[in-house]
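A look at the structure
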Amino acid sequence: AVVSTQSTGGMSGVYKVCFSNKFSKVTSKTVFMDVYVDNGVYDEDKESVDDASLQIGLGNLNKQVDNIKSMLFKIQVQLQLSKAQRNKDQKIQNNNKIRVDRWSMVQCAFMLLMASVQVYLLKQLFKEDKQAKRTQAAKI
């Protein structure tokens, strides 16, 4: 489940987030949590007023640099999310592989046990009793 919250209050301090495993205590859960903090303060208005044409050129340049910084930050966030998703998928894949391998080993051991029981029962079915042979030999 994706939970998105946004707080515009100016509360500073340490925040705590608690997660619970009440749904299923049998299996472990992996929780990914991303926190992005943006104070919304940008330094566009701190330019010196020496030359009007230089001011306009620097203003445009600063806007472009800020735009590039913003795009790079978004790209970095997407890369981090992609990496977290890949790591989560790889962990799930490894856990599933281990579970399948163990279950296959149990099934193979069970099949070998059943094969040996069947061989034993077939031998018992066709086994001739020694006393039955003696009684037949005595009759002849």
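As the structure is a computational prediction, the values presented were derived from the model and not from experiment.

1. Focus: the overall build of the protein chain
- Summing up its helical and strand segments, the protein chain has two helices and zero strands in all.
- Each of the 140 residues in the protein chain was classed as buried or not, and the buried ones make up 2%.
- For the protein chain, the accessible surface area stands at approximately 14200 Å², while carbon and sulfur atoms represent 59% of it.

2. Some words on the confidence of the model for the protein chain
- Taken as a whole, the protein chain shows an average pLDDT of 77; of its residues, 63% reach a score of 70 or greater.
- A low-confidence stretch, residues 42–50 stays under pLDDT 50, and its non-local contacts, those more than four residues away or across chains, total seven contacts.

3. What to know about the pattern of salt bridges
- Taken as a whole and assessed by the stated rule, the structure comprises one salt bridge.
- A salt bridge links D101 to K97; the nearest nitrogen and oxygen atoms lie 2.9 Å apart. Remark: K97 and D101 occur in helix α1 (residues 52–126); sequence separation between them is four residues, near one turn of the helix.
- Taking the relative accessible area as the measure of exposure, D101 reaches 36% and is therefore partly exposed.

4. Side note on a nonpolar patch on the surface
- Taken together, the side chains of F110, L113, M114, V117, Y120 and L121 make up a nonpolar region of the molecular surface, amounting to roughly 580 Å² of accessible area.
- Positionally, V117 belongs in helix α1.

Parameters and conventions
Residues numbered from 1 in each chain as written. Predicted model: local features only at pLDDT ≥ 70, side-chain atom pairs only at ≥ 80, totals over all residues. Heavy atoms only, no water. Helix = DSSP H or I, 4+ residues; strand = E, 2+ residues; numbered from the N terminus. Buried < 20%, exposed > 50% of the residue type's maximum accessible area, 1.4 Å probe, protein only. Areas by Shrake-Rupley, 256 points an atom, 1.4 Å probe, with all protein chains shown as cover. pLDDT = per-residue confidence, 0-100. Contact = heavy atoms within 4.5 Å. Salt bridge = Lys/Arg side-chain N within 4 Å of Asp/Glu carboxyl O. Patch = residues over 30% accessible without salt bridge, like charges linked within 9 Å, V, L, I, M, F, W, Y side chains within 5 Å.

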